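The chain contents come next:
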Amino acid sequence: LHTKLSDLVSLDAVLTAQLVAEIFIDDLDEVMNSLKSVEGGEIQFKFLHSIISEDLSRADPVAGQVLNANLSIDHHQTYLSLMAQFHPDMVYQHLSTHNNYRTEECLKLCQEYEIADASAYLLERMGNISSALQLMLQTLEGRMMTLKRIIRGIGPSGYSFDRNALRRTGGLGRRKQDHNLAENEKKEKEIQSVKRILIVSLDLCERNSGPSSARTEHGSQLWFNVLDRLINAKGFLRLAKELPEHAAIMSAVLSELLQMTMQRMVSKTHTRIVACFFGYGMACFLSSLVV
């Protein structure tokens, strides 16, 4: 039956996990090995995900408890390795809500797969807070550059430029409209990615700001580092050299990012930091909102 488990996992991972909990719990390692090489490990990931994500516990609390109790740290490491390979966007959330992993080993894994938010979180856990934030801000700048390149492909009124196609068709046909929709979808997706990176950076700042004097001073510097990058973003993005309509889109995004940052600072009552920021130069903040 072990040889058929991969087919069962493909059909329904949760029901398969229930079956394993009832019949094969003493052979869990053998079950894992039978799934290891199927579809490059994706079937093994689905099986582990059904257990660790608590999908199994919601369907069958007893089976979920039994299997979770029998998962070793090696099983959890295998799950993270497969997640980094197949679903890298899930790694940060998992790391920040679980503790069943080896931090240094996971950091090497995340660095290998270039998962910036997860790598930064692990650096922070290891006490390297400044490097963690630096990594996130570098990633933020990189994604903003990517966003700028995507926006460059969008013409007036949201139409995407393709001069060769225009010459061939003499206008914007169905194909052109489909291309335009795709470009705008790419833009919106990239904007959401940029916001997500900023939120992870702000979470880091917040976790490392506290009531004690030394911690607050360190936390203040972290917030200033984020603000500096956002305020100076127009410079490294060289928006003055972009088409006005493209620069306006990027400026609107930057304005929203700055607003998100200020709202987080105020909502968490970092009054000392906010006061310092006004002293740092409100005029600089306001000028960053203008193209």
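Given the structure is predicted, the values throughout are model-derived calculations rather than measurements.

### Regarding the overall build of the chain
1) Next: Along the backbone of the chain there are 17 helices and zero strands.
2) Next: Looking at the chain as a whole, 45% of its 291 residues qualify as buried.
3) Next: Restricting the contact set of the chain to residue pairs at least 6 apart, pairs at least 24 apart contribute 66%.
4) Next: Accessible surface, the chain: about 15200 Å² in total, of which carbon and sulfur atoms supply 52%.

### Digging into the packing of aromatic side chains
1) Next: Scanning all chains against the criterion turns up two aromatic pairs.
2) Next: Their ring planes at 10° and their centres at 5.4 Å tell us that F45 and Y79 sit as a pair that is stacked. Here the residue F45 occupies a position in helix 4 (residues 42-52), and Y79 occupies one in helix 7 (residues 73-86), the gap between them amounting to 34 residues. Each member of the pair, F45 as well as Y79, is classed as buried.

### Some words on unusual backbone geometry
1) Next: Even without being glycine, E114 reaches a positive phi, approximately 55°.
2) Next: For E114, the location among the structural elements is in the loop between helix 9 (103-112) and helix 10 (116-125).
3) Next: Given the relative accessible area of 72%, E114 is considered exposed.
4) Next: Phi angles above zero are rare outside glycine, and R238 is one such case at about 50°.
5) Next: Relative to the helices and strands, R238 resides in the loop between helix 15 (233-237) and helix 16 (244-267).
6) Next: Of the residues examined, R238 reaches a relative accessible area of 47% and is grouped as partly exposed.

### What to know about the packing of helix 2 (residues 13-23) against helix 6 (residues 61-70)
Two quantities define a packed helix pair, namely the angle between the axes and the distance from one axis to the other.
1) Next: Closest axis-to-axis distance for the helix 2/helix 6 pair is 9 Å, and the angle between their directions is 70°. With respect to helix 6, the element helix 2 is oriented roughly perpendicular. From helix 2, A17, Q18, V20 and A21 reach across to helix 6, where they touch A63, V66 and L67.
2) Next: Here the residues of the contact of helix 2 with helix 6 sort into six nonpolar, one polar and no charged.

### Examining the nonpolar core
1) Next: Judged by nonpolar contacts, the single largest core of 77 residues is most densely connected at F47, L67, V91, L95 and L257.
2) Next: Once residues within four sequence positions are removed from consideration, V91 is found in contact with L80, M83, A84, C110, I115 and A118.

### Thoughts on the confidence of the model for the chain
1) Next: Across the chain, the average pLDDT comes to 85, with 78% of residues at 70 or higher.
2) Next: Counting contacts from residues 285-291, a segment whose pLDDT is below 50, to residues more than four positions away or on other chains yields 14 contacts.

About the thresholds
Numbers given for residues are sequential positions, taken from 1 along each chain in its written order. The predicted origin of the model limits local features to residues at a pLDDT of at least 70 and limits the giving and counting of side-chain atom pairs to 80 or more, whereas totals for whole chains, interfaces and linings rest on all residues. Hydrogens and water are ignored here; the side-chain numbers use all heavy atoms of the structure. Per the convention used, a helix needs a DSSP run of H or I reaching at least four residues, while a strand needs a run of E reaching at least two, with both numbered from the N terminus. For the exposure calls, accessible area comes from a 1.4 Å probe over protein chains only, and a residue counts as buried if that area is under 20% of its type's maximum, exposed if over 50%, partly exposed in between. Two residues qualify as a contact provided that any one of their heavy atoms is within 4.5 Å of a heavy atom in the partner residue. Here, Shrake-Rupley sampling with a 1.4 Å probe gives the accessible areas, and only protein chains in the shown set may cover a residue. Classification of ring pairs rests on two measures: the distance between centres of Phe, Tyr or Trp rings, Trp counted by its six-membered ring, which must be within 6.5 Å, and the angle between planes, read as stacked under 30 degrees, edge-to-face over 60 and tilted in between. Where helices are involved, their axes are fitted lines through C-alpha atoms of the stretch in contact, as for all axes, and angles between N-to-C directions lie from 0 to 180°. Roughly parallel means an angle under 35 degrees; roughly antiparallel, over 145; roughly perpendicular, 65 to 115; everything else is oblique. Ten residues, namely Ala, Val, Leu, Ile, Met, Phe, Trp, Tyr, Cys and Pro, are considered nonpolar, four, namely Asp, Glu, Lys and Arg, are considered charged, and the remaining ones, Gly among them, are considered polar. As used in this record, nonpolar core signifies buried Ala, Val, Leu, Ile, Met, Phe, Trp, Tyr and Cys residues forming a set joined through side-chain atoms within 4.5 Å. Confidence per residue, as judged by the predictor, is encoded in pLDDT with a range of 0 to 100.

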